[in-house]
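Architecture at a glance
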Amino acid sequence: MNFLSLITLIFAPIAAAILILIPKFPNHQVKVRRFAKVFASIHFIYAMLFLVFFDTGLYGMSYEKELTFFNISWLKSMGISAKFALDGISLLLVVLTCFIVLVTFVLSKMHIRTKHKLYYSMVFLFESAILGILCAKDMFMFFVFWELSLIPLYFLISQWGNSEARRAAMKFTLASFTANVFLFFAMLILYYYNFAVSNVLTANIDSLSMDESLYPVWFQVFVFVNFLIGFVVRIPFVFFHSWYPDIQNKASAPVNMLIAGTFLSTGVYGLIRFNMQIFPEVFKLFAPVLMCWGVVNIIYAGALSIIQQEIKKISAYAQISMMGFVMIGLACLNQVGFNGAVFMMLALAVVFTSLYAIISSVQFRTKTTYLTALGGLGQVMPKCMYFSLIVCFGAIGVPFLITFAPKLMILSGAILSNLEEELMVKIVAIIGLLAIIFASGYIMYLFYKVFCSVLLEQWKRLKDLSPQEISVMSALCLVIIYFGVYPMSVIQIYQSVSNLLLDILQV
Amino acid sequence: MNEIINDILNAYLPESIIIVFIILSLIASLFFNTSLYKLSKWFTLLGITLALGSTFFLPIDQNDMEIFAFNGEIVSNIYTIFFKILILMSSFFLTLLSKNLIREKRDRAFEFFTVFLCAVLFSMCTVSVTDFAGLFFSIEGLGLCSYLLLNFSKTPNAKQLSFGYFVQEGTSAFLFLFGLSYLYGLCGQISFNGVSDYLAQNNSVVLLTFAFILMLCIFLFKLGIVPFSSWVADTFEGASYPIAAYISTIPVIASFGILARLLLIFINYLPVLKILFITLAMLTIFFSSLCAIRQTAIKRLMAYSMSVQSAIMLLGLSVFSVFSLSGVLFYMLCYIFANIGVWAAILLFYDSCKKENIDDFNGLIFHRPYYVIAFTIVLIALAGLAPTSGFVSKLYLFSAVARSGFLFLPFLIISMLAAVIMIFAYWKLIRSMFRRVDSNVSIDTHIVSPKFILYACALTSVLLGIFADKIIQLCQFAAYYL
């Protein structure tokens, strides 16, 4: 398909951001918002076309395209070029990103009351950066977009959050930049020691490898750990997670949805792209450690989630906790586990975007997010309650909803995996089963406290969802139900990628 | 006589043009009326442009690539020509920046530009000398001119602070001479090649290493590296804006130009210098960034910024390979544009509303969006973030260091972590411009030349990042023929 160009897909939002920022663009909020919505819809349809014309049987990348400036490629003498391509996993994430941006734009009307031009341009810039991360075929291009995504996010959190948002945004940027140093350092080492082994100066992710015969294991482990630090801060895993509940608590509701839906998945994507693909041997070595980390993640963050009194923080810790399943799935080193992990990543993005959408509706009406001040809202907002019931069940993993299939796959992957420490893996699988009960604990606690208990006097005049919100919620719930009923429709798109990766891992 | 003309045409053409303009400028300062002060700027610009044009007429010998002049006192090759172009280009921008300064000191405008042209001349000589005596004269002349230029400032304590600079500069010059006396005592000669021949034949280098370390102090002083970095903040605070921009640009270029040539000749005999330099660079990045993040005055912030940036270049220089040297050249090119752009932006702000704290920039985005965006671009280029030349140059420099062996990796990662602190120092400035505060600051749109320089530098910073490939090849070419 010649009319599908990844360059257009990635850089169109930047063009829109610049167009909005120029002073000649009308400063009227309705005009800005309509322009943004129309643009995001067209962009989403364009991204969908990539999915429609995608060849699922293809082994490797497709839609490859190089960005050149007057036929000069970027840093050719250093083996670095601005090449972009898609495979099954990144394609799904690209479509999901465009979808979530569109959804947030529909909900932004209620929450964004000032500086509309800056807001919409920053969201477009952020979208561009995320798409760049997902499509980059070159390591340093990946890093450029990886850093670029932080700058608009800083403004999105600090400018439209509550009074403490600026401090939280600073903490987040500090943590992220520090992690980026490790990532950049690892990339530099990988770049030059790959050159020393193969004598080809390249930064193309697919052609990089750490040859185990030429470099000692401790050196590979050193580089691997640097990459790991870079990625786990963004996912975030426990012990590197403290920025996440903090900014989710303080940012405004549409920004919450953006972060939960698009930002975190890029961390998992990087983990798969770099740590699994480039260091297969070290990944095998580290698999039991990562699996234990996943279990610690589920239990520790889950426990933290139960004791919170603020809904945004409960959801943030819940998401961190469930990210542990992704880690367990990746560390199983078999087909079922890997497929489950990738599906789980997508499912979590959808589910927690929906959860934050519901929280945004509640927050918009009550102006509070504390559990003690809420209660019984189901009596005055029945539509909202029904939608949130679907979302909460989706998060727990009730059958025929989106996270059921991946959880099942991950746990069966853990039981079936033939790692050396077999007994430990079985124990891990059992603990994981228990953790599902754990998850239902904190999510249903949230649901019960907000919608079911005694209705307070001051909330008796609340209005139910507006048509806009209903359209957003029903779209999200449709996704949750559809992929719960028919999970193969997602899995078959990235099946060939998982085959390729498991060939590299040789398991 | 014929021989001298031949030498001038071969290797000394830009310097000769600058000398002619210095003399003409001195004569003009005697005869011209104060009301003609504006002429001095155009006169200087003419001189610099002619010198810049003349660098392209310098012959390049195809065989050995080096041309000696004046009995081997001056050398000319692609590397020195590259540095002369850098110096003349930045002095062109600096001349444009000093418009407001000479308006207030209009009776001394011609004198100011005479001293300025002398500084340019000395810095060009510093890059191309071939013995230690010539090196001492030119670098000491550069320091003296810097002191005189610092005295042109309008700030109340300028005299005192510039004298502080002078004392410390004199101390480092004394250390240089002290080391040089040891060197002469040991080797019996002071030309670079003579000392190198002596080193090749004799093994006992302990005392020589000591002498070299003493001599290199003068460069560490000029660059603001850690044991000699205490002068930067105070001196910059006392200096007026164009002079501070000058201090952070031209001595840095000249010092790196000669330092790379010295290291090329001597580093094989004195490997301890590598470890010394990389340790000092790491410490400087760390301490100066920590100091920078606490500053509230923008001049002091920029002073520590100069210290950090030159330490990053020293980090690249200390591993000393062709790649790292070309990385340093490319980094320097990007640094010059970003640095002059930032100084132009601050100068524009100061000339409009006479404020110079970081907090005074609050909420500027709502009054002057184009100015803020251009300023943000040059700051991001200095910080080394993604879409600008700063990222590419840092990538290239750090990858050259990563390539040089396991020994340098710990230094590299500590330096990179410390450089993140510096990013936050710049980030504070950007953040304050985007803050939502009602402020009554305004930018005077009639000040043309700093605005022109700011936009030109912002554009160049972006373009250098995009078309980096060709420029890097040019830098590799220059580094290869050193």
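Keep in mind the model is a prediction, meaning the values are calculated, not measured. (Residues numbered from 1 in each chain as written. Chains lettered and ligands numbered in written order. Predicted model: local features only at pLDDT ≥ 70, side-chain atom pairs only at ≥ 80, totals over all residues. Heavy atoms only, no water.)

What about the overall build of chain B?
Assigned secondary structure in chain B consists of 21 helices and two strands. The dimensions of chain B, computed from C-alpha atoms along their principal axes, are 70 × 60 × 45 Å. When each of the 482 residues of chain B is scored for burial, the buried share is 63%. Considering only contacts in chain B between residues 6 or more positions apart, those separated by 24 or more positions represent 83%. If you average the places of the 27 positive and of the 23 negative side-chain charges in chain B, the two averages end up 13 Å apart. (Helix = DSSP H or I, 4+ residues; strand = E, 2+ residues; numbered from the N terminus. Buried < 20%, exposed > 50% of the residue type's maximum accessible area, 1.4 Å probe, protein only. Contact = heavy atoms within 4.5 Å. Lys, Arg positive; Asp, Glu negative; His and termini not counted. Charge placed at Lys NZ, Arg CZ, Asp CG, Glu CD.)

Notes on a nonpolar patch on the surface
Residue and element names in this part refer to chain B. A cluster of nonpolar residues, V20, I23, L24, I27, L30, F31, F32, L36 and L39, forms a patch on the protein surface that exposes about 860 Å² of accessible area. Here the nonpolar patch gets six residues from one element, more than from any other, and that element is helix α2 (residues 13-31). In this fold, I23 is placed in helix α2. (Patch = residues over 30% accessible without salt bridge, like charges linked within 9 Å, V, L, I, M, F, W, Y side chains within 5 Å. Areas by Shrake-Rupley, 256 points an atom, 1.4 Å probe, with all protein chains shown as cover. Salt bridge = Lys/Arg side-chain N within 4 Å of Asp/Glu carboxyl O.)

Concerning the packing of helix α14 (residues 382-396) of chain A against helix α16 (residues 422-452) of chain A
All names here are of chain A. Axis separation between α14 and α16 bottoms out at 9 Å; the angle between their running directions is 170°. Regarding the angle of α14 to α16, the classification is roughly antiparallel. Like other packed secondary-structure pairs, α14 and α16 cross with a definite hand, here right-handed. Taken together, the residues of α16 that come into contact with α14 (itself represented by C384, M385, S388, L389, C392, F393, A395 and I396) are I436, S440, I443, M444, F447 and F451. Here the residues of the contact of α14 with α16 sort into twelve nonpolar, two polar and no charged. (Axes fitted to C-alpha atoms, helices over the stretch in contact; angles between N-to-C directions. Parallel < 35°, antiparallel > 145°, perpendicular 65-115°, else oblique. Left-handed = near helix turned anticlockwise from the far one by under 90°. Nonpolar A, V, L, I, M, F, W, Y, C, P; charged D, E, K, R; others polar.)

Examining the environment of F239 of chain A
Residues and elements named next belong to chain A. Its place among the elements puts F239 in the loop between α8 (217-232) and α9 (243-250). When the C-alpha positions of F239 and W293 are compared, they lie 10.0 Å apart, and in sequence the two are 54 residues distant. For F239, the residues in contact, after removing those within four places along its chain, are W293 and V296.

Brief notes about the pattern of salt bridges
Residues and elements named next belong to chain A. In the structure shown here, the tally under the stated rule is 13 salt bridges over all chains. In this structure, the salt-bridge partner of K250 is E164, at a minimum N-O distance of 3.9 Å. Here E164 lies in the loop between α6 (150-160) and α7 (165-198) and K250 lies in helix α9, a separation of 86 residues in the sequence. Overall, the relative accessible area of 13% leaves K250 in the buried class. Taking the relative accessible area as the measure of exposure, E164 reaches 49% and is therefore partly exposed.

Notes on the interface of chain A and chain B
Taken together, the 41 residues of chain A in the interface contact 37 residues of chain B. When the two sides are added together, the surface that chain A and chain B hide from each other amounts to roughly 3900 Å², 81% of it contributed by carbon and sulfur. Inspection of the chain A/chain B interface yields three residue pairs in polar contact (both at pLDDT 80 or more). Going through the elements one at a time, β3 (72-73), α5 (139-148), α6, α7 and α8 of chain A are the ones with two or more residues in the side of chain A that touches chain B. Top element by residues in the side of chain A that touches chain B is α7 of chain A. It accounts for 16 residues. Partitioning the side of chain A that touches chain B into residue classes produces 30 nonpolar, seven polar and four charged. (Buried area = accessible area lost by both parts, 1.4 Å probe. Polar contact = N/O pair within 3.5 Å; in protein donor to acceptor, adjacent residues only side chain to side chain.)

Comments concerning the domain arrangement of chain B
Residues and elements named next belong to chain B. Per the domain assignment, the segments of chain B are domain 1 (1-164 + 232-258) and domain 2 (271-482). Computed from C-alpha coordinates alone, the two centres of domain 1 and domain 2 are separated by 23 Å. Taken residue by residue, the interface counts 33 residues in domain 1 and 37 residues in domain 2. Roughly 3400 Å² is buried in total at the junction of domain 1 and domain 2, and carbon and sulfur atoms are behind 79% of that figure. In this assembly, domain 1 and domain 2 are joined by two salt bridges. (Domains from an automatic or database assignment.)

Description of the packing of aromatic side chains
Residues and elements named next belong to chain A. Using the criterion set out here, one finds 87 aromatic pairs over all chains in the structure. Their ring planes at 65° and their centres at 4.9 Å tell us that F50 and Y63 sit as a pair that is edge-to-face. Taken together, the positions of F50 in helix α2 (residues 29-52) and Y63 in strand β1 (residues 62-66) put the pair 13 residues apart, joining distant regions of the chain. Accessibility classification places F50 together with Y63 in one group, the buried group. Arranged with centres 5.9 Å apart and planes meeting at 50°, the rings of F239 and Y300 form a pair that is tilted. With F239 in the loop between α8 and α9 and Y300 in helix α11 (residues 280-306), this pair connects stretches of sequence that are 61 residues apart. Accessibility expressed as a relative area gives 56% for F239, which makes it exposed. Owing to a relative accessible area of 40%, Y300 belongs among the partly exposed residues under this scheme. (Phe/Tyr/Trp six-rings, centres within 6.5 Å; stacked < 30°, edge-to-face > 60°.)

Quick word on helix α19 (residues 409-433) of chain B
All names here are of chain B. Compared with the 36 Å implied by 1.5 Å per residue over 25 residues, the 37 Å span of α19 between its first and last C-alpha is a close match. At W427, α19 shows its largest bend, some 25°. Extensive coverage of α19 is indicated by the burial of 20 of its 25 residues. (Expected span 1.5 Å × (residues − 1). Bend = angle between axes of the 7 residues up to and from the residue.)

Let's talk about the confidence of the model for chain B
Per-residue confidence for chain B gives a mean pLDDT of 88, with 99% of residues at or over 70. This prediction of the complex comes with two scores: 0.90 for pTM and 0.85 for ipTM. (pLDDT = per-residue confidence, 0-100.)

Some details on the packing of helix α16 (residues 322-353) of chain B against helix α17 (residues 369-383) of chain B
Residues and elements named next belong to chain B. Orientation of α16 relative to α17, taken along the N-to-C sense of each, is 140°, at an axis distance of 8 Å. Here α16 runs over α17; the crossing is left-handed. Mapping the contact onto sequence places Y335, A338, N339, G341, V342, A345, I346, L348 and F349 in α16 and Y371, F375, V378, L379, A381 and L382 in α17. Partitioned by chemical class, the residues of the contact of α16 with α17 number 13 nonpolar, two polar and no charged.

What to know about the nonpolar core
In terms of nonpolar packing, the biggest core is built from 426 residues, with F84 and L377 of chain A together with F132, Y371 and F375 of chain B touching the most fellow members. For this core, the leading source of residues is α16 of chain B, giving 23 residues. Per-domain counts for this core show at least three residues from each of domain 1 (1-164 + 232-258) and domain 2 (271-482) of chain B. (Core = buried A, V, L, I, M, F, W, Y, C linked by side-chain atoms within 4.5 Å.)

Describing unusual backbone geometry
A negative phi holds for most residues other than glycine; trans holds for most peptide bonds. That bond from I235 of chain A to P236 of chain A is cis: its omega, -15°, falls within 30 degrees of zero. One can find P236 of chain A in the loop between α8 and α9. Even without being a glycine, F70 of chain B presents a positive backbone phi close to 50°. Turning to its location among the elements, F70 of chain B is positioned in the loop between β1 (67-69) and β2 (74-76). On the basis of relative accessibility, which here comes to 30%, the residue F70 of chain B falls in the partly exposed class.

Points about the side chain of S121 of chain A
All names here are of chain A. Within the fold, S121 resides in helix α4 (residues 116-135). Look at S121 and you get buried, because its relative accessible area is 2%. From its side chain, S121 meets the backbone oxygen of K117 in a polar contact 2.9 Å long. If we ignore the near neighbours within four places in the chain, the residues touching S121 are A17, I20 and L21.

Let's talk about helix α11 (residues 231-238) of chain B
Residue and element names in this part refer to chain B. In terms of residue burial, α11 counts as a mostly covered element, since six of its eight residues are buried. The complete set of buried residues in α11 reads W231, V232, A233, T235, F236 and G238. Buried residues in α11 make contact with α7 (132-150), α8 (158-187), α10 (206-223), α12 (241-247), α15 (298-319) and α16.

What about the environment of L207 of chain B?
Note on placement: L207 of chain B falls in helix α10. Distance from L207 of chain B to L459 of chain B, taken between C-alpha atoms, is 50 Å for residues 252 residues apart in sequence.

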